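Here's the letter readout for the chains.
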Amino acid sequence: MRYYLLAAALILTSCQKNSADTCNVTLPTPIVSAAGPRAGAVNQPAAFQLTCQLANGCGTLVNMPVQASSTGLARTVGVNINYSSCSCATPGSTLQATYTFQPTVVGTYYLNFVAASGYITDTLVVK
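Here the structure is a predicted model, which is why all the values come from computation and not from measurement. (Residues numbered from 1 in each chain as written. Predicted model: local features only at pLDDT ≥ 70, side-chain atom pairs only at ≥ 80, totals over all residues. Heavy atoms only, no water.)

Participant: How would you summarise unusual backbone geometry if you had to cite specific residues and measurements?
Facilitator: The residue Asn 43 is not glycine, and still its phi comes out positive at about 65°. Within the secondary structure, Asn 43 sits in the loop between β4 (39–40) and β5 (46–53). A relative accessible area of 45% means that Asn 43 is categorised as partly exposed. (Helix = DSSP H or I, 4+ residues; strand = E, 2+ residues; numbered from the N terminus. Buried < 20%, exposed > 50% of the residue type's maximum accessible area, 1.4 Å probe, protein only.)

Participant: Before we move on, could you go through the packing of aromatic side chains and cite the residues and values that matter?
Facilitator: Evaluated as defined, the whole model comprises three aromatic pairs. Ring centres 5.8 Å apart and planes at 50° place the aromatic pair Phe 48 and Phe 113 in the tilted group. Of this pair, Phe 48 sits in strand β5 while Phe 113 sits in strand β10 (residues 107–114); the two residues are 65 residues apart in sequence, bridging distant segments of the chain. Aromatic side chains Tyr 99 and Phe 113 sit 6.1 Å apart centroid to centroid with 80° between the ring planes, which places their arrangement in the edge-to-face category. (Phe/Tyr/Trp six-rings, centres within 6.5 Å; stacked < 30°, edge-to-face > 60°.)

Participant: Go over the pattern of salt bridges with me, naming the residues and quoting the values.
Facilitator: Under the counting rule described, the total for this entry stands at one salt bridge. The shortest N-O distance in the salt bridge between Arg 38 and Asp 122 comes to 1.9 Å. With Arg 38 in the loop between β3 (31–35) and β4 and Asp 122 in strand β11 (residues 119–126), this pair connects stretches of sequence that are 84 residues apart. (Salt bridge = Lys/Arg side-chain N within 4 Å of Asp/Glu carboxyl O.)

Participant: Run through the environment of Val 105, naming residues and quoting values.
Facilitator: One can find Val 105 in the loop between β9 (94–101) and β10. Separated by 21 residues in sequence, Val 105 and Val 126 place their C-alpha atoms 7.4 Å apart. Residues in contact with Val 105, not counting those within four places in the same chain, are Val 42, Leu 73 and Val 126. (Contact = heavy atoms within 4.5 Å.)

Nothing here speaks to function; it is geometry throughout.
If you want it as structure tokens, here you go:
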């Protein structure tokens, strides 16, 4: 809950004025669920369905994945949402996105999806 209050405060106070009636801010947004395959093959795409909670109804997804880093067979994936209105009265909702990962070597991959508090970790065993 604290994260959403911070996000709402940033939206309201961190807007950059582009014109008299337009504001624009991009914020990292927590992933609330991630679902995907448990097994895969080298060079074959694996699609993970992500659900994010928007701070308000004026948010849109920025390029997917927004944050992606890798260390060995571990991947960290996050989502950024762009809020394009200074005052959005529409309540927040969930947003669905697909993250497609293509493993390049055999092994167990650990996909860490950035959540509000830590990570949602999923594994993909590649043979």
